[in-house]
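Fold and contact review
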Amino acid sequence: MEFNDLVLKEIHEDFYFNKNLNLPTIIKEYKNIENIFVELKYLACITIQVSSLRKIEYHYGSNSYNNLLALITDKLKAIKIKEFRNEDVLVVDLYDPDSFLLFLSAPREDKTQLLLHLDEISDRVRIGLDEEVFNLLYPYMKEYCRPTIGFGVEIYNPMVNHMRTIMKLVSNAKKMGEFRDIKRNYMSKYNLQKIIIEKNITTIFQPIVDLRNLEIFGYEALSRGPKETEFFNPLRLFIMASECGLSFELDGLCRKEALKKIKNLKIDKKIFVNTLSTTIHDPQFRGIYLKNLLQDLDIKPENVVFEISEKLAIENYDLFRDSLKDYTDIGIVHAGDDIGTGYSDLERIMELNPGYLKVDISFVRGIDKSYVKQEIIKAMVTLAKKIESEIIVEGIETAAEYEILKKLEVPYGQGFLFARPSDTFSDINRNFN
């Protein structure tokens, strides 16, 4: 067989089966799909699209795209096994390889049951796939990536070619997916507004430990949305707030709720409260307003540390320093959060000289096996001493990481090795076995 014949054979085979995803195309399964259509006299289809994958392929290449698509495909297959019947037909879209089609076979009981619950059935797919897509794509996109799930139904018409009707069904189901996406985005914004208005935020705490003696130095206040919602995940909560233009409102609420919780728990330790760089200018949360609030809550200002996040760049350092003075004048210290992940870290340290430098988890994970990470942390410790700041490392999970950090003279740290976040001021876990 000649080379061209081999290429043509491979192309021909791809029309029937996607070898990378180990899934058939609609051509391969067409006869089964047509049989369902003829038997039921209607055909229902669910479409699953992950359009953000195209951007990843463009920016990161086809290898990253193919790896992510394979992982998402495996998750979708697991959902199919768990939630659907063997007779339902799952295929990859022939011309759109980051789209999948699920054709539904005859229901076991009443034929109208399928149509009544098509929206609900589609939601089962969405719920099963949502978290997987977000977790896989966020490190690349840094935005709220979600799958687009649509559905549609077409009635049998013996006057019209079956293939034409099935293609029309797929097209309309995808359009329904686009409509549901728009609706879902509006509902997410509404639900987030509702959370803010109703102050439906929970504050939990994770201890910050003195690595020299394992005593608790302070606690970081962390915010969570309502359980059983997409906003219980803090990353998704704050990303959606950013995309909806509600970062300022959410951040202010989280700060206030954290301080109220501290009053109820009555603790005399350092409390680290996260805040965005833009919300440090909040006129209702600075100067005399903040001083009076802390007095009412019986909280010592010197125990409060505001962690300035790198999520938003500081545009004007002169203006920022002026706003920061309202906090430092009453004894509040500020910390630079996520050090090492932002493009302006060194500028931020130089301009603001934070009292604490919180080093991102990416520099801590596996540091016992990485000479480069150890040298970076060593340099950070030296810098902190010279500018009279203190290093706090995040994400310590193993005893080996702890031992190396202690050897490098890192004074403070937090992570699952000591304690997971809790709604109470829990003791650290001293079991390093």
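The structure this text deals with has already been given above.
Before going into details, it helps to say that this report is about the structure given with it. In this text, all values refer to a predicted model and were calculated from it rather than measured experimentally. (Residues numbered from 1 in each chain as written. Predicted model: local features only at pLDDT ≥ 70, side-chain atom pairs only at ≥ 80, totals over all residues. Heavy atoms only, no water.)

On to the environment of K31, then. You can see K31 is positioned in helix α2 (residues 30–40). A residue is classified by how much of its surface remains accessible, and K31, at 55% relative accessible area, is exposed. At 3.1 Å, the side chain of K31 and the side chain of E34 are in polar contact. (Helix = DSSP H or I, 4+ residues; strand = E, 2+ residues; numbered from the N terminus. Buried < 20%, exposed > 50% of the residue type's maximum accessible area, 1.4 Å probe, protein only. Polar contact = N/O pair within 3.5 Å; in protein donor to acceptor, adjacent residues only side chain to side chain.)

Moving on to the sheet that holds strand β5 (residues 99–104). Read across the open sheet, the four strands follow the order β4-β5-β3-β6; overall the sheet is antiparallel. Where the open sheet ends on each side, the last strands, each with one partner, are β4 (89–92) and β6 (148–155). When strand polarity is set aside, the average angle formed by the axes of neighbouring strands in this sheet is 20 degrees. Sheet topology places strand β3 (residues 42–49) next to β5; six bridges connect them, and they run antiparallel. Within β5, the residue paired with T47 across the bridge is L101. (Pairing = 2+ DSSP bridges. Axes fitted to C-alpha atoms, helices over the stretch in contact; angles between N-to-C directions.)

When two helices pack together, their arrangement is captured by the angle between the axes and the distance separating the axes. Put simply, helix α3 (residues 52–60) and helix α6 (residues 118–141) touch, their axes get as near as 10 Å, and they point 40 degrees apart. It follows that α3 is oblique to α6 by the angle criterion. Crossing of α3 over α6 shows left-handed handedness. Contacts between α3 and α6 involve S52, L53, K55, I56 and Y60 from the former and L137, Y140 and M141 from the latter. For the contact of α3 with α6, the per-class residue count stands at six nonpolar, one polar and one charged. (Parallel < 35°, antiparallel > 145°, perpendicular 65-115°, else oblique. Left-handed = near helix turned anticlockwise from the far one by under 90°. Contact = heavy atoms within 4.5 Å. Nonpolar A, V, L, I, M, F, W, Y, C, P; charged D, E, K, R; others polar.)

Inspection of every chain in the model, using the stated rule, returns 10 aromatic pairs. Between the aromatic rings of F306 and Y327, the centroid separation amounts to 5.4 Å while the plane-to-plane angle is 85 degrees, which identifies the pairing as edge-to-face. In this pair, F306 is assigned in strand β10 (residues 304–308) and Y327 in helix α11 (residues 317–328), connecting sequence segments 21 residues apart. Pairwise contacts between aromatic rings join F217, F272, Y356 and Y412 into one cluster. A cation sits over an aromatic face here: K41 above Y156, 4.8 Å from the ring centre. Over the face of the ring belonging to F134 we find R236, whose NZ or CZ atom lies 5.3 Å from the ring centre. (Phe/Tyr/Trp six-rings, centres within 6.5 Å; stacked < 30°, edge-to-face > 60°. Lys NZ or Arg CZ within 6 Å of the ring centre and 35° of its normal.)

This part is about the nonpolar core. Ranked by size, the top nonpolar core spans 48 residues in total, and within it I46, L53, F100, F103 and L137 carry the most contacts. If you look at the next biggest cluster of nonpolar residues, it comprises 25 residues, including F205, I280, I299 and L324. (Core = buried A, V, L, I, M, F, W, Y, C linked by side-chain atoms within 4.5 Å.)

On to a nonpolar patch on the surface. Taken together, Y371, V372 and I376 make up a surface patch of nonpolar side chains, about 320 Å² in accessible area. Summarising the element assignment, I376 is placed in helix α13 (residues 371–386). (Patch = residues over 30% accessible without salt bridge, like charges linked within 9 Å, V, L, I, M, F, W, Y side chains within 5 Å. Areas by Shrake-Rupley, 256 points an atom, 1.4 Å probe, with all protein chains shown as cover. Salt bridge = Lys/Arg side-chain N within 4 Å of Asp/Glu carboxyl O.)

A few words on the side chain of S122. By the secondary structure assignment, S122 is in helix α6. Beyond its immediate stretch of four places on either side in the chain, S122 contacts I46, I149, G150, F151 and R180.

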